[in-house]
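# Structure assessment
This is what each chain is made of:
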There are 4 protein chains.
Amino acid sequence: MTRVRGPAEESPAPELIAAGFALEVADAPLLHRGLGLADLAHLLDLRARKVVKDEAVQRLLRATLEALEIPAEQFPYDPEYGEVYNCRERWYVQRLGDDAGWLHAGRPRREATRIALRLVLRRQVAELAADAAEFAAVVAESAGRQLETWMPDQTYLQQAQPSTFGHYVLSFAYPALRDADRLLAGLDWVNLSPGGAGCVNGSRLLVDRDHVAALLGFGGVIEHTRDAMWQLDGLVSLLASATSLVASQSKLAEDLEIWASEEFDFVDLAGPYTRASVLMPQKRNPYAVAIVRGAGGVLIGRLSGFLAVAKTPSARSDNLIFAYGEVPRALDLAGRVTRLMSGVVATLEVHPDRMWEVLLGGFSQATDLAEFVMESCDVDYRTAYLVVGRAVRSAGRQGLRGVDLTGELLDAAATEQLGRPLGLSGRDLSAVLDPRAIVRTRVASGGAAPGVVREMAARCRAEARARSDRAADATQRIERAEFALVTKAEEVANGSATR
Amino acid sequence: MTRVRGPAEESPAPELIAAGFALEVADAPLLHRGLGLADLAHLLDLRARKVVKDEAVQRLLRATLEALEIPAEQFPYDPEYGEVYNCRERWYVQRLGDDAGWLHAGRPRREATRIALRLVLRRQVAELAADAAEFAAVVAESAGRQLETWMPDQTYLQQAQPSTFGHYVLSFAYPALRDADRLLAGLDWVNLSPGGAGCVNGSRLLVDRDHVAALLGFGGVIEHTRDAMWQLDGLVSLLASATSLVASQSKLAEDLEIWASEEFDFVDLAGPYTRASVLMPQKRNPYAVAIVRGAGGVLIGRLSGFLAVAKTPSARSDNLIFAYGEVPRALDLAGRVTRLMSGVVATLEVHPDRMWEVLLGGFSQATDLAEFVMESCDVDYRTAYLVVGRAVRSAGRQGLRGVDLTGELLDAAATEQLGRPLGLSGRDLSAVLDPRAIVRTRVASGGAAPGVVREMAARCRAEARARSDRAADATQRIERAEFALVTKAEEVANGSATR
Amino acid sequence: MTRVRGPAEESPAPELIAAGFALEVADAPLLHRGLGLADLAHLLDLRARKVVKDEAVQRLLRATLEALEIPAEQFPYDPEYGEVYNCRERWYVQRLGDDAGWLHAGRPRREATRIALRLVLRRQVAELAADAAEFAAVVAESAGRQLETWMPDQTYLQQAQPSTFGHYVLSFAYPALRDADRLLAGLDWVNLSPGGAGCVNGSRLLVDRDHVAALLGFGGVIEHTRDAMWQLDGLVSLLASATSLVASQSKLAEDLEIWASEEFDFVDLAGPYTRASVLMPQKRNPYAVAIVRGAGGVLIGRLSGFLAVAKTPSARSDNLIFAYGEVPRALDLAGRVTRLMSGVVATLEVHPDRMWEVLLGGFSQATDLAEFVMESCDVDYRTAYLVVGRAVRSAGRQGLRGVDLTGELLDAAATEQLGRPLGLSGRDLSAVLDPRAIVRTRVASGGAAPGVVREMAARCRAEARARSDRAADATQRIERAEFALVTKAEEVANGSATR
Amino acid sequence: MTRVRGPAEESPAPELIAAGFALEVADAPLLHRGLGLADLAHLLDLRARKVVKDEAVQRLLRATLEALEIPAEQFPYDPEYGEVYNCRERWYVQRLGDDAGWLHAGRPRREATRIALRLVLRRQVAELAADAAEFAAVVAESAGRQLETWMPDQTYLQQAQPSTFGHYVLSFAYPALRDADRLLAGLDWVNLSPGGAGCVNGSRLLVDRDHVAALLGFGGVIEHTRDAMWQLDGLVSLLASATSLVASQSKLAEDLEIWASEEFDFVDLAGPYTRASVLMPQKRNPYAVAIVRGAGGVLIGRLSGFLAVAKTPSARSDNLIFAYGEVPRALDLAGRVTRLMSGVVATLEVHPDRMWEVLLGGFSQATDLAEFVMESCDVDYRTAYLVVGRAVRSAGRQGLRGVDLTGELLDAAATEQLGRPLGLSGRDLSAVLDPRAIVRTRVASGGAAPGVVREMAARCRAEARARSDRAADATQRIERAEFALVTKAEEVANGSATR
C-alpha cells in the first residue's frame, strides 16, 4: 500500500474543529496585532530581497494595514476555516486572489505565529516587570510610613519578637525586585527575532535575518534556527518568574487576611478592596486578598501545566499551540493581581494601637530577656533560656504580661531550675522589657530599628525606580519600533517610500 | 480606633474590578443558566415556606424566566457592577425595584453559585462519562477489526514480541472504562444539593432542604451544611478522573504520532484529522494527536493548579471563585479531546502489510525461541536466553532475520556459550519462529490470540454500552427535572399553579 | 551498517549507574518483600505447570525464602550490579548457579516488579483508608463533645454567623469518609494480579493466570495483559485520593494554626504536638499543623509529577521505574500525616470561653436580625439587610456589640435608609440576638443545632467504623494469603507438600 | 482560662515523631556538614563579639570539629530526640554539659539550618551549572562531527526539510547555556549570608553580619533579615532552572528513543547506556533516555510541589522544613541526569547511511521546489505550493521519491491545478532536488549549511567553556573559604590563633 502524501483533500472533522481549531482561534485576540506586524515585516523583507514584485507587495501591505485596523473580535476568525493563520489566509485570498499567495514565500505559519507571540510577550513582560517594581515601591513607601508602628512579629503565627510593621512589610519589596530582575532578563530573551528561521533550518530565500529583526524592533536575532523555533526554556523562565512574583504577594495577602480578622484587628483593607455579602449585613470581606491568593494557585498550575505540555519530543506543535494562549494569559493574570496588591498595600489601614496592645500583652521580649540574663549573670544561653521559659510560664499562669516580669520572678524561676537565684531581684528590667527599646537594638544591617528600616526603604524605592525606568524604556523602544514599522509599511503601500 | 463594620461605602477600586470582578464575570456564560434555575427553585421554596408573598414571587419568577431566555452574552454582565451575582441583582432591581430584594431571603450569593456550578458540572460529568464510554467502544470496535493485524509490540519502542494491532489498541479501552466509572461515581457526588445550607450552618427560614433538591432534580441533599458549601474533594476527584482519562489517550496519541511517521508507516490518520503546512507542500501533519497530547499537559496543570488554589484554610472564597471557571473549562476540554480521539481511532488507516514486513524483519520471536530451547534441551531459561541472545547477535551481523534462525546457528551459539551444542541442528524451527504461530499461543486470559481478543473486545463493547446507558439516563433525568422546574415556575408565574 | 542486536557486551556507564540503577536501588527496601513473594508464587506456578523440575524449584524456593528473611538493608542491593531485579538475580546465581536461570522462565523483570508494587500498595491503601476512617471517627467524636461550644463561624476569616465548634469540626469528617471510599475503590483495582501478563501479550508457558493470582491473595486477574502491565489510571487515582485526603486536613490544620494564635486563642494544640524554639523561651509552636500543611503541598507535587512522568507514549519503562518509589512514598507520607492529624484533633484544647467572648463581641447575628426585620416589618430582604447594615455600622462606631442592638437603633437606621421607622422601637430583641438561640434555629438537615450535630456525629462514627472494618478485613485477608503462600512454599521447599 | 506559655513539658507524640521529626531527620545527611560549618562560624563570631568566653568557645569548637569528622550516617541523628538541630544539641550537651548552651546565643535553629541549606545549595548550583555547560560542550562537539550527516528534519515527526544531524543536535546546546546562565545568576543569590538575621528582625548580640558571611565564604549578606530568613523566590528560581534544563534534555532523549527504534534506525545508544531484558534475548533497551525523560517528569512535580508548599502566609516553618530535602534532592537528580545525557550524546552511534536513505526516499525537497517554481515561473508561492503538492501526491501514488520528480510531472500537476503547464518540462531539476544542495543554501545566520554549523558549534564550545570556568571558580572559592574556616577554627580551638 502506498502512503498518501501531501495535504488531505477532505474537510476537517467536526471534532477536530471543536477541539483543535476552536482552541487556537480562541487565542486570536492575543495574536491578531502581532500577526499583522509580522506580516508587514515579512512583506517588506520579501520586497527588499526582490522575491515579490512591488505591486503585489503594495497590495498585500494595504490589506495587512487594513487588517491591523480591524479589532480582532470583528475579524473573521472562525474555527470552521482552520486556525488563526488559516483564517487570515482566507481573508487575504478573498481580497487579493492569487496575490495573497506571495505572503507565504519563505515563511511557515509557525514563524509568523512565533513572532506574534514574542511581540505580545515583550510588552507583557516589560509591563509585568514595571508592575513588580511598582509593587516594591509601594511596599517601600508603606514601610517608610510605619517605622515606629510597633508590632509583635510572628513565626508559626505565634508572637516571636518585637518588631515594626514597617520592617515586616518591607520584606516583601525584595523578592519583587528580584523577580523584576528575572523578568527583565527574560525580556532580553523574548525580545529576539526568530524571523528567517524557516521551518527548522533556515530559508534559501531570506538570508538577511537582521532586516526583519530590525523592522520589528527586536533586540537581535536568535541565531540557531531550530532553537529559535522550538526551544521553550525562555517561556518556562517567564512563567516561573511570574508565578514566583505572585507567590510572594500571596503570602502578604494571606497575612493581611489573618490580620484583618476581628480577632487580630491589626489592619483593615480599604473599602474599595473589600466586598459585601448579599446575605450578611455586617460583612466587609477582604475580597482582594482572596483574589491574589487564588491567582497564586492558578499560576502554579499554569506553570506546571506548561512544563507538562512541553514534555514531548522536540519540534512538536502542541508545545507552541498551547503556549500561544497559556503564557500570555498567565502573564496577564500576574499583572492584574500585582497591580491589585499594590492598591491594597497603598491604601491599607494599619492599626498601631491594637498592635501595641497585643505586643504589650505578650511575651515577645523573652529572647532579649534571656540574652540579658546570660550577659548579666554569667550563665550560658541555654540556661538563661530555661530560666526565662520557666518565668514566662509562671507569669502566664498568674495572668501577667511580659512587661510585668521582674527580677524576683526570674530568681524564683532560677531557684527552681538551677537550685539557686541569679541575683536579679530588685533589678530594673524596664529597659530590657520595653518592646520599643528592644526593636531599637536591631541596628545591624537589615534589622528592625527605625533608622535602619528608613534607609532600606529609601534604597528599595530607588531600586524600584531603576527597574521601572528600564521597563519603561523597553516599552517605549518597542512602541517606537512598531510605529516606525507601520509608517514604513504605509509609505511603501502608497508608493511614497524610497527603497 | 473603632473597627469599621458592614459593607464599604466606596466604589470598588479599578484594580479590583480588573483582577477580581472581571475574572468572575468571564465565567458568567458558564453559570448563567444554572443561576437562573437556582433562582427559580429558591423562589418556589420561598413561596412554599410562605416567606414571600405570592405576588412578589410571581414577579420574580417572571423576571427569572425572562433572564433564562436571554443568552448569557447578551445579559448585562459587566465587571463594573461586580461579579456575576451582583450583575444579576442589579438587573432584578432595575426591573422590579424593592421586590428584587426578596430573592436574597435565606440564601447567600455563594449558595446560588454553588448550585449553578453543580448544575453545570452534572451535565458535563454525565457527558464526559458517555464520551469515555464511547471512546472505549470505538477502541473495542477497532480491535475487533484488527484481530489478525500482526505487529511487533514494543517496549522502549524496541520490538518486543509478536502481537496484533487489535490486542494493542484494546488495551486503551480498559482505562477509559475505569475512568468512566470514576466519573459516574463523581456524578453521584456532584448531583447533590447544597441548597438550604445558608452561609455555613443552615438557615432559619428554609428548613426543608429536600424541596429545593427535588425541584432541581438533584439526587439528594448534601447533609452537613458546611461540607456542602466548602469541601472540595469531589471537585479534585472529577478533575483527576478527567485528567487521567486524557492522559491515557495521550499515550495512544503519541504512539500513533510515532507510527504515522514515514519511517514506521504503521498507520495514517484519516485526512480530516490531519492538517497541511502552509509552507511545505508534502506535509500532512497528524494535528489531532498533537492536540490530544497538548491537552493532556494542560489538564495536568489544571488539576495541580486547582489543588494549589484549594490549599488554604477552610471557607475561603478563592477556593470556589476560581473553581467556577477552572473546573468546567477543564471538563469541557477533556470532553472535546476524548471525542476527537474517538474520531481518530474510528477512522484510522492501519497498514498491516508494513507491520508484517517489520515483524518479519526483526527478532521478536526470541523469547519464544528461548522458551523452546529451554523446554527442548533441558536447560534453564537463563542459559537458553544466553544462547539465543548470542545467536541473535550473530544472525544480526550476517543480515539475517528472526525467521531465518536455524538449529545450526543456535548450536553454534551454544557451543560458544556453553562449550557444547544443544542438538538443535536440523530441527525445523518454522513453527517456533512464525510470529503468527507465536501470537496464537497467547490463549491465556487477556492474551493476544485472535479469539481471546475477539471475546475481550465484545465484552468491552458491552461494558461501554452499560456505561453509556447510565450516563444517558442521568442526562435524561437531569433534563426532565430542569424542564419540569421551568414548567412549574411558569405555572406559578402566570398563576396557573396550584400550591 | 548493520544494527547491533541483543544485550550490550560492555559494562554500564558510571553515569548510568549513578542516575539509573542507583535511583532504582533506592527503592529496594520498598519492593524487597514483594519481589520475594512474587518469586515464590512464580516458582509454585512453574512447578504446577511442570515447566521446571521439582528439585530446581525446591532449591529456588529455599533461596527465595532465605532472601525473604534477610532485611532489605542487608541484602546485597548495589547499583554496581544493576537495578533491584538484577541484584537479586546475581544473588541467586551466586547461590544456585544455573538453577537460578529457571526463575526467569515465562516472566519478565517488570512482571515481578509490578506484582511487588501492587503487594506494597494494597497494604498501604488498606491502611490509608483505615487512617482516613479513623480521622473521621476522631473528628466526629470531637464534634460530639463540642455541641454547645458556641463560636462565630467565619468566611474570609470574618465572623459570619453563630455556630458551634462541633458543627465546624464535623465538616471535616465527610471528605475523609469520601476519600476513604475512593481509596477502597482503588484497593479493588490495586489488589488484582498482573501475573502471567508476560512482556505485553501473555506467555505461552503460563496459561492459568488465576493460579498466581490466588497464590498471592489477589482479588482476581487483570484481564488484558497490556493493560495489566502498562496502564496507569489506577495509580493516578490512588495518588489523587491520597492528595485530596491530606488537602482537606491541611485546611483544618491551617484553621487551627490561626485559631491557636494568641490573638484568636480559640484553641491550643496539646503539648505533644508542639515544639519549642531554641532561641525564644516563650514559644510553643504548633509544629504538627505546619507538617500537615507542608505535606499537603508536597503531595500536590507528587501527583502532578507522576502525571508528568506518565505523559509518554505507551509501554515506556520510566512510567513504572519512577512509580515504584514515588507512589508508595507518597502514600506513606499521606498515612503519617493523617495519623498525626488524628492525634492533633483528639487532644486539641478548645477554649469555649474565649470563643463565646468573641461571639458576643461581634455582629454575627446580623443575618438573623435582618430576617426578623423582613418577617416582622413586611419589607423585602434587601431592604431589611440595608437597614440592619446601617444599624450595625452605627453601633460599631459607638462601640456597641451585636447583642446591644435595639429596636431604637434599627428604627433610626430605617429612618435614614427608608425615610421612615419600622416600628421596632421598644421591641425585645434578646431572643433574636442571642447567638445560642440563633444556632438552635438551625434544625434543618445538616444544620448547627446541637441535636442535629449530635445525630450527624453519631452517623459519621458509624460510617467511619464501617470503613475501618472493610479496610481491616482487607488487611487480614492479605496477611492470611501471604502467610499461606510462604507456608505453601516452605512445604514444597522441604518436600512436605502434596501437589 | 489562661493560655499556656512556653515549651511543652510533655514528650512529643509518636505520630509527631513519625510524621515530623523523622521527616526532618531524613535530611540530616544533606545538612550535616553545613550545620557544622555554620556552628564554627557562629562560635568564632560569638568569640569576636566577646559574647562567650574563650575557653567555652574552644571546647565548643573542638566538639564541632569532631562532629564534622563524623559521617552523618554515624552521627546520632534520631527522630526520638527531635529534628536535626535538636539531635545535635543533645550531642553537644552530652559532651559539654552547660557549655553547650552558649551555642544558641543570638541564633535561632532556623538561622543555622538556613545557612546549612545555602552551603549545600551553592555547591550544587555551581556543579549543576558546570554540568549544563559540559552538556552544551558535548553537544557542540557532536555537532562539529556531524556537519554533513544529511538527515530529514521533522516537525510532527513528519519529514519536513533536508538538514543535518549536526544542525539538529546543536539546537540543544543553546537552552543548556541559557539555563547555565540562570543557574549562575541563582548562584549569586544563594551564595549570600542570612547570618545574624536572628528570628525575624536581627539580634542585639551580633551586629556585624559581614563577619559571619566572610567566615563562611559567602558573597555578601542578605540585607533585610526577614527577607533573609523567609523569602523563597530564589529557591523557586533554582528549581525552575533545573527543571527547565532537564526538560530540554528530555526532548532530546525522546527524539533519540524514537530514532533508536528498528524502524527509524537513525541512531543507537552506545552499549553502556542500554540495558538488557531478562526475558527477551534480542532486546537492547535505550534505558538511559527513559531515565532522563522520567526524571524530567519528576522534576516538574518537585517544582510544582515546592510552589504549593510555599503557598502559605509568611514566616511559616513548613516552607523551609520541606525545602531542606526537596530542593537539594531535586538539584542532585538534575545533575545526575545531565551528566548521563552528556554521556549518551558523547558516545551516540549515528547512522548516516540510514538517514541518507530515508532522506532520499522522501519528499522533504518540496518547499525548495515550490520556491523554485515560484521564482522560475512567476507564480505566487501559494500557487507554486499547490502545484508541487499535487505533483508530490501523484508521485507518491506512483511509488516515486522526491528526487524522482520531473518537470513533466510538475507541468502535469500545473495543468490539473491551473489549467496550463508552467513550462518546466525538460528542465533539469537535479540541483533543486538534491537534499545536500538544499542544505547548502541555508547559509543565513543559524542555518543548516555545514560551514554555518561549524562556526556556531565552535562558538558554543567557547560559551560553554566560559560558563564552566565561572562555575569552577565559584566552586574553588567555596572550597577555599570552607577550608580556611575549618583551619581558623582549629587554630582557635587549640589556642594557636591570634584574635
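Here's what I pulled together on the structure shown here. (Residues numbered from 1 in each chain as written. Chains lettered and ligands numbered in written order. Predicted model: local features only at pLDDT ≥ 70, side-chain atom pairs only at ≥ 80, totals over all residues. Heavy atoms only, no water.)

A tally of helices and strands in chain A yields 20 helices and 4 strands. On C-alpha atoms alone, chain A measures out to a radius of gyration of 31 Å, which is more than a quarter above the 23 Å that the 2.2 N^0.38 rule sets for 499 residues. Judged by the C-alpha coordinates and their principal axes, chain A covers about 100 × 50 × 45 Å. In chain A, buried positions account for 71% of the 499 residues. A separation threshold of at least 6 residues defines the contact pool for chain A, and within that pool the share at least 24 residues apart is 77%. For chain A, the exposed area adds up to about 14,300 Å²; of that, 48% sits on carbon and sulfur atoms. In chain A, 57 positive and 65 negative side-chain charges are present, and the distance between their average locations comes to 4 Å. (Helix = DSSP H or I, 4+ residues; strand = E, 2+ residues; numbered from the N terminus. Rg over C-alpha atoms; globule rule 2.2 N^0.38 Å. Buried < 20%, exposed > 50% of the residue type's maximum accessible area, 1.4 Å probe, protein only. Contact = heavy atoms within 4.5 Å. Areas by Shrake-Rupley, 256 points an atom, 1.4 Å probe, with all protein chains shown as cover. Lys, Arg positive; Asp, Glu negative; His and termini not counted. Charge placed at Lys NZ, Arg CZ, Asp CG, Glu CD.)

Contacts between chain D and chain C engage 85 residues on the former and 85 residues on the latter. Summed over both sides, the interface between chain D and chain C buries roughly 6,600 Å², with carbon and sulfur atoms accounting for 60% of that surface. Viewed at the interface, chain C and chain D are joined by 10 salt bridges. Across the salt bridge formed by Arg5(C) and Glu262(D), the nearest N and O atoms sit 3.7 Å from each other. At the boundary of chain D with chain C, the tally comes to 25 residue pairs in polar contact (both at pLDDT 80 or more). Only helix 1 (14-25), helix 4 (84-96), helix 5 (109-145), helix 10 (233-259), strand 3 (267-268), helix 11 (287-310) and helix 12 (318-347) of chain D provide two or more residues apiece to the side of chain D that touches chain C. Among the elements that line the side of chain D that touches chain C, the one with the most residues is helix 11 of chain D, at 16 residues. (Buried area = accessible area lost by both parts, 1.4 Å probe. Salt bridge = Lys/Arg side-chain N within 4 Å of Asp/Glu carboxyl O. Polar contact = N/O pair within 3.5 Å; in protein donor to acceptor, adjacent residues only side chain to side chain.)

In this section: the packing of helix 7 (residues 173-190) of chain B against helix 19 (residues 450-493) of chain B. Axis angle and axis distance: for two packed helices, these are the angle between their axes and the distance between the axes, and together they describe the pair. Residue and element names in this part refer to chain B. Remark: helix 7 packs on helix 19, axes separated minimally by 11 Å, with the N-to-C direction vectors making an angle of 20°. What the angle tells us is that helix 7 and helix 19 run roughly parallel. Helix-helix and strand crossings are classified by hand; for helix 7 and helix 19 the assignment is left-handed. Every residue of helix 19 that contacts helix 7 at Ala173, Tyr174, Leu177, Ala180, Asp181, Leu184, Leu187 and Asp188 is listed here: Met456, Cys460, Glu463, Ala464, Arg467, Arg470, Ala471 and Ala474. (Axes fitted to C-alpha atoms, helices over the stretch in contact; angles between N-to-C directions. Parallel < 35°, antiparallel > 145°, perpendicular 65-115°, else oblique. Left-handed = near helix turned anticlockwise from the far one by under 90°.)

Each partner contributes residues to the interface: chain B has 115 residues there, and chain C has 115 residues. Carbon and sulfur atoms make up 55% of the area that chain B and chain C hide from each other, which totals about 9,500 Å². Broken down residue by residue, the surface that chain B buries against chain C is led by Asn201(B), Arg204(B) and Lys251(B), which jointly contribute 8%. Taken together, chain B and chain C are joined by 20 salt bridges. Summed over the shared surface of chain B and chain C, the result is 58 residue pairs in polar contact (both at pLDDT 80 or more). The element that contributes the greatest number of residues to the side of chain B that touches chain C is helix 10 (residues 233-259) of chain B, accounting for 13 residues. Among the residues forming the side of chain B that touches chain C, the class breakdown is 44 nonpolar, 38 polar and 33 charged. (Nonpolar A, V, L, I, M, F, W, Y, C, P; charged D, E, K, R; others polar.)

All right, on to the pattern of salt bridges then. Pairing of side chains with opposite charge becomes possible as their charged atoms draw close. Taken as a whole and judged by the stated rule, the model has 160 salt bridges over all chains. In this structure, Asp233(B) engages Arg182(C) in a salt bridge whose closest nitrogen and oxygen atoms are separated by 3.0 Å. On the criterion of chain membership, the pair formed by Asp233(B) in helix 10 and Arg182(C) in helix 7 (residues 173-190) is interchain, its members lying in two chains. Just as Asp233(B) is buried, Arg182(C) falls in that class too. Three or more residues joined by partner-sharing salt bridges are found here, namely Arg33(A), Arg122(A), Arg123(A), Glu479(A) and Glu482(A).

Attention shifts here to the environment of Leu369(B). Residues and elements named next belong to chain B. Within the secondary structure, Leu369 sits in helix 14 (residues 366-377). According to the relative accessible area criterion, Leu369 is buried, its value standing at 0%. When sequence neighbours within four positions are dropped, the list of residues in contact with Leu369 reads Val388, Leu405, Leu410, Leu429, Val432 and Leu433.

Attention shifts here to the relation of the copies chain B and chain C. Between the two copies of this chain, the relationship is a rotation about some axis together with a displacement along it. For these two chains of identical sequence, chain B goes onto chain C by a turn of 180° and a shift of 0.0 Å along the axis, with RMSD 0.0 Å. The transformation just described matches what one would write down for a two-fold rotation axis. Looking at chain B, 100% of its interface residues are interface residues in chain C too, so the copies touch through the same face. (Least-squares fit on C-alpha atoms with pLDDT ≥ 70 in both.)

A word on the relation of the copies chain D and chain C. Once chain D has been moved 0.0 Å along the axis and rotated by 180°, it coincides with chain C to within an RMSD of 0.0 Å. Taken as a fraction of all interface residues of chain D, those also at the interface in chain C reach 100%, which identifies the copy contact as same-surface.

Now for the environment of Asp99(B). Residue and element names in this part refer to chain B. Among the structural elements, Asp99 can be located in the loop between helix 4 (84-96) and helix 5 (109-145). Counting along the chain gives 153 residues from Asp99 to Leu252, while the straight-line C-alpha distance between them is 57 Å. Excluding anything up to four places from it in sequence, Asp99 contacts Ala56, Arg59 and Leu60.

Roughly 240 Å³ of volume is contained in the largest cavity. Lining the largest cavity are 21 residues, with Arg275(A), Arg109(B), Arg110(B), Ser317(B) and Tyr324(B) positioned closest to its centre. The class makeup of the residues in the lining of the largest cavity is 10 nonpolar, 4 polar and 7 charged. (1 Å grid on protein atoms, 1.4 Å probe; cavity = no way out; pocket = protein on both sides within 12 Å on 5 of 7 lines; lining within 4 Å. Points joined across faces, edges and corners; volume = space filled by probe spheres on them.)

Shape descriptors only; they carry no functional weight alone.
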